[in-house]
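Below are the chains, spelled out letter by letter.
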Amino acid sequence: MKALITSILILFIPMFSFAQKASVSGKVQDNTTKESIPYVTVSIQDNASKTAAVGVTDEKGIFNFEKLPSGKMTISFSYVGYQNYTQTFEIGSGKPKIELGTIALHADAVELNAVEVTGQKSSVSLKLDKKVFEVGKDVLSQNGSAHDVLNGVPSVTVSPTGGISLRGNSSVLVLINGRQSGLTQSNSLDQIAADQIERIEVITNPSSRYDAYGSAGIINIVLKKNKKSGFSGQVRLVAGSPNDSRLNPSVNFKSDKINIFSNFGIRSSDYVGLYTTNQSTMNNGTPNYLNHVQNEDRHDDGKLMYLGADYYIDEHRTITAAFLKNATQDDDKTRLLYDYSNANHTRDSTLAREGKSLEKRDYNQFEFNYTQTFKKPSKKWTIDVQYDWWNSDKKWNLLTQQIYPETLAYPGIRTSSIGNSKDLLMQSDFIQPIDSVSVFEMGVKTEIRKVSSQFLAEQQQENDWSIYQDIDNDLNYTETISSAYAQYSNKLKKFNYMLGLRTEFTKVSITDIKNTYNDDKKYNKLFPTVNLSYKFEASTLQLNYSKRINRPPLYALYPFNELTDLNAQYIGNPDLNPSYSDVFELAFLKTWKKLTLNPSVYYQWESGYIQDFTYRENDIFFTTPINIQHEIRTGIELSTLYNPLKWLQVNLEMNLYHFTQKGSYQDQNLYYAGKTFTGRLSTQVKLPSKFSFQGRYNFRGAQQNAQTRNDALQSLDFGLSKTLLKDKATIVFDVTNAFDLRQNKSTTTGTDYYIIENSIPNAARYRLSFVYRFNLTDPKTIRQASSANRN
């Protein structure tokens, strides 16, 4: 034991003695908001005005210079939009280590106005555990919602129904300001205006400070904050075809002691969808055919209110409290036509079904945060308490009739789905710098979630209603996740490393009043993370590893089946288990004056991989999620940003991955190996008279597993913007899914059937927006819901 301790001391003594050489360190922050300022230029000169060192602050606003000569020094700080600041200090033989503490920079109003006029470019930077994409002034990132912004981020794709995937993997955790949120579920991101997003962080190998959920990684949406003293805000109006009407006012007030923020949203949107199916089945050796057409007219209304305040107790302590309410109402109409044919392709019968659906959702969130900083830069302690509660009520009315060979009315069917959820989250994190380059972090978190769902299906019997297909049940779902983590980061010259370990204990209970489903599951896992980085003069090399978990979402567990379609139904699987992934990635970032190059290679082994399985029973096709043995995914990714001219920017990204899936279900072998390619090309042109144009082409190659092949998918978006009224206003016109190119075509094959489907969930959309800003000289000003729990 003594020998072991001696060995550990020998290993770590050089690490800590390295920081004892003559050095100076500190942290730079905004004088008003007390927020750290990254990438501030810092230079040190001696008495002879000779430069002794120069560099920039890191993403936390921290700077550190080592091996400095002794004597009197002058340190200078400069950053666009802030007044320059200088300070003197002296390095003597008895002062090998000097901490300057917090350096507060004052905003320069004149300089800020200049920044607003010239605009911003989208940029990419590679941090120790994430990629950061600054949203900037992209035309297509101003007119729509958070979905439109995400569609422009490399590696990220958003489906027409709002599903988000990272590198083709839909198991991704979406955060808002670093926390889980109900606004990231059920297409609610469409409520967040695009121009209220400051940056997107893509974290394919998250460190242990983040939840372990999401085998593909994490997408963190960072919203803008109010930095302007006094009253400020903006009003945003949107009109579109099909109907997309939005009004988003926001008002803020900031003083030395308090920051009051508010955001409101009213939305009315229509969506037009078209789905076609060609199907062939075999019954006792005889083929039968079905041509199916489904038309959808969906109308969504939404109202959002977010009110809150930051109270600055003193220089180091802040309390934040806020309330969010998001209420939506969806009124959908569906028309379905079923044309059945016999073996001779002669029409046998035709059925028509009309469905009307009304769904009301009411989501509420209360958040509380206490943050304490210290005199020592980067030392911080936070406490977060969040309570979310939501209610939903969805009703379907279905009328079916035969229209060939004779007219015949079928009994009406109605369904009712009522759900509610309560979610309490408590979390505390502590950051302790050990010296100027090494940091220790730790935290604990507990989340308790209770969800209840009642589902009832009834069939009309003359003037009465009776239970249909024995569908009448109440399901209760309880989930408790307790976690803790610790991680250590350090810097040795140009080499950075971060080592972390997270543990998560999960307890899940599923019960129902009929005692059909009674399942209790407990699992405790360790999730190690390793993040390594080496910085060259104008490039960075990175190697990362993390272990992840993919917990099944609620809809995948619910055994209740929607009855809208006569021919196909989706049923959840209460026995579904989580999957676990080991993810490795090697990335490189090189920046020239006009070109940024970011290639990476990655490898992922996911055991218990979750995928959908389709089977036929009583002439109805059921789809349900299942666990298979594993999936292995290996890929290469390339992102480039090229600015050949001041008025032209070109962004190209490509991702090619190979996968192997192994497993079986219901005696069917589900082994399959294949590859998929995705790409995106975007160009932005600055035109005279403050006009800007942007076009974006998206491509996803064909995808396939053991049952289903999805054909290649493509889409085209473009937009035109103009600033006016002395840069206080912006008008934007954009088109998404131009020419209706985005069509999902798939073929599913079984032992006695095949199904060919073509889906167009959203038709081409044309929008015109107008934004007016008052008393906003800093573009990073609007604040929205910063935290919540889940759906």
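Conventions and cut-offs
- Residues numbered from 1 in each chain as written.
- Predicted model: local features only at pLDDT ≥ 70, side-chain atom pairs only at ≥ 80, totals over all residues.
- Heavy atoms only, no water.
- Helix = DSSP H or I, 4+ residues; strand = E, 2+ residues; numbered from the N terminus.
- Buried < 20%, exposed > 50% of the residue type's maximum accessible area, 1.4 Å probe, protein only.
- Contact = heavy atoms within 4.5 Å.
- Areas by Shrake-Rupley, 256 points an atom, 1.4 Å probe, with all protein chains shown as cover.
- Phe/Tyr/Trp six-rings, centres within 6.5 Å; stacked < 30°, edge-to-face > 60°.
- pLDDT = per-residue confidence, 0-100.
- Core = buried A, V, L, I, M, F, W, Y, C linked by side-chain atoms within 4.5 Å.
- Pairing = 2+ DSSP bridges.
- Axes fitted to C-alpha atoms, helices over the stretch in contact; angles between N-to-C directions.
- Polar contact = N/O pair within 3.5 Å; in protein donor to acceptor, adjacent residues only side chain to side chain.
- Salt bridge = Lys/Arg side-chain N within 4 Å of Asp/Glu carboxyl O.

Further remarks concern the overall build of the protein chain. Of regular secondary structure, the protein chain possesses four helices and 47 strands. The burial tally for the protein chain puts 51% of its 791 residues in the buried class. Pairs at least 24 apart in sequence give 66% of the contacts found in the protein chain among residues at least 6 apart. When the accessible surface of the protein chain is split by element, carbon and sulfur atoms take 56% of a total near 35600 Å².

So, about the packing of aromatic side chains. Tallied over the entire structure, the rule returns 22 aromatic pairs. Taking the centre distance of 4.8 Å and the plane angle of 45° together, the rings of F231 and F253 count as tilted. One end of the pair, F231, is in strand β16 (residues 230-241); the other, F253, is in strand β17 (residues 244-254), and 22 residues separate them in sequence. Residue class for F231 comes out exposed when judged on its relative accessible area of 55%. Among the residues examined, F253 registers a relative accessible area of 28% and is labelled partly exposed. Between the aromatic rings of Y555 and Y570, the centroid separation amounts to 6.2 Å while the plane-to-plane angle is 45°, which identifies the pairing as tilted. Within this pair, whereas Y555 is found in helix α4 (residues 554-557), its partner Y570 is found in strand β30 (residues 568-570), the two being separated by 15 residues in sequence.

This part is about the confidence of the model for the protein chain. With 88% of its residues at a pLDDT of at least 70, the protein chain reaches an overall mean of 84. In this model, residues 109-122 is a region of pLDDT below 50 whose contacts with residues beyond four sequence positions or in other chains number 27 contacts. Predicted confidence is poor over residues 777-791, with pLDDT under 50, and the contacts of this stretch with residues over four places away or in other chains come to 95 contacts.

For the peptide bond that leads from S241 to P242, omega is -5°, which places it in the cis range. Within the secondary structure, P242 is located in the loop between β16 and β17. Geometrically, the link from Y404 to P405 is a cis peptide bond, its omega value of 5° lying close to zero. Its location among the elements puts P405 in the loop between β22 (380-404) and β23 (408-409). Positive phi values are uncommon outside glycine, yet D667 reaches one of about 65°. You can see D667 is positioned in the loop between β37 (664-665) and β38 (668-669). Here F739, not a glycine, exhibits a phi torsion of approximately 65°, which is positive.

A few words now on the nonpolar core. For soluble globular proteins, the rule of thumb is that nonpolar side chains tend to be buried together. One finds Y306, V451, Y477, I549, Y558 and L563 to be the most contacted residues of the largest nonpolar core, which totals 32 residues. The set of elements that each furnish at least two residues to this core consists of β19 (286-312), β20 (317-341), β22, β25 (439-461), β26 (464-492), β27 (495-512), β28 (519-535) and α4. The leading source of residues in this core is β26, at four residues. Not counting residues up to four positions away in its chain, the partners in contact with L563 are R353, L398, I413, T415, A457, Y468, Q469, I471 and Q569. Core analysis: the next-biggest nonpolar cluster, separate from the first, contains 22 residues, F133, A146, L166 and V172 among them.

With that settled, the discussion passes to the sheet that holds strand β33 (residues 610-617). Read across the open sheet, the three strands follow the order β30-β34-β33; overall the sheet is mixed. Unpaired on one side and paired on the other, β30 and β33 mark the two borders of the sheet. Mean inter-strand twist for the sheet, computed between neighbouring axes without regard to direction, equals 25°. Pairing geometry for β33 and strand β34 (residues 620-627), over eight bridges, is antiparallel. Bridged to E617 within β34 is I620.

A separate point is the pairing of strand β35 (residues 630-645). The pairing of strand β32 (residues 595-607) with β35 spans 13 bridges and is antiparallel. Opposite Y602, over in β35, you have G635 as the bridge partner. As judged from the 14 bridges shared by β35 and strand β36 (residues 648-662), these two strands associate in the antiparallel manner. Across the sheet, the residue bridging to H630 is K662, located in β36.

Let us look at the environment of T624. With respect to the helices and strands, the residue T624 is situated in strand β34. Of the residues examined, T624 reaches a relative accessible area of 9% and is grouped as buried. Sequence-wise, T624 and Y570 are 54 residues apart; in three dimensions their C-alpha atoms are separated by 6.0 Å. There is a polar contact of 2.9 Å between the side chain of T624 and the backbone oxygen of I571.

This part covers the pattern of salt bridges. Summed over the entire model, instances satisfying the criterion amount to 29 salt bridges. Linking E201 and R199 is a salt bridge whose minimum nitrogen-to-oxygen distance equals 3.2 Å. For E201, a relative accessible area of 4% translates into the label buried. Since its relative accessible area comes to 22%, R199 is described here as partly exposed. Measuring nitrogen to oxygen at the nearest pair gives 2.9 Å for the salt bridge that ties R767 to D734. Placement of R767 in strand β47 (residues 765-774) and of D734 in strand β44 (residues 729-736) is noted, with a sequence separation of 33 residues between them. Side by side, R767 and D734 carry an identical accessibility label, which is buried. Taken together, the shared-partner salt bridges in this structure form one network comprising D211, K445, R502, E504 and R551.

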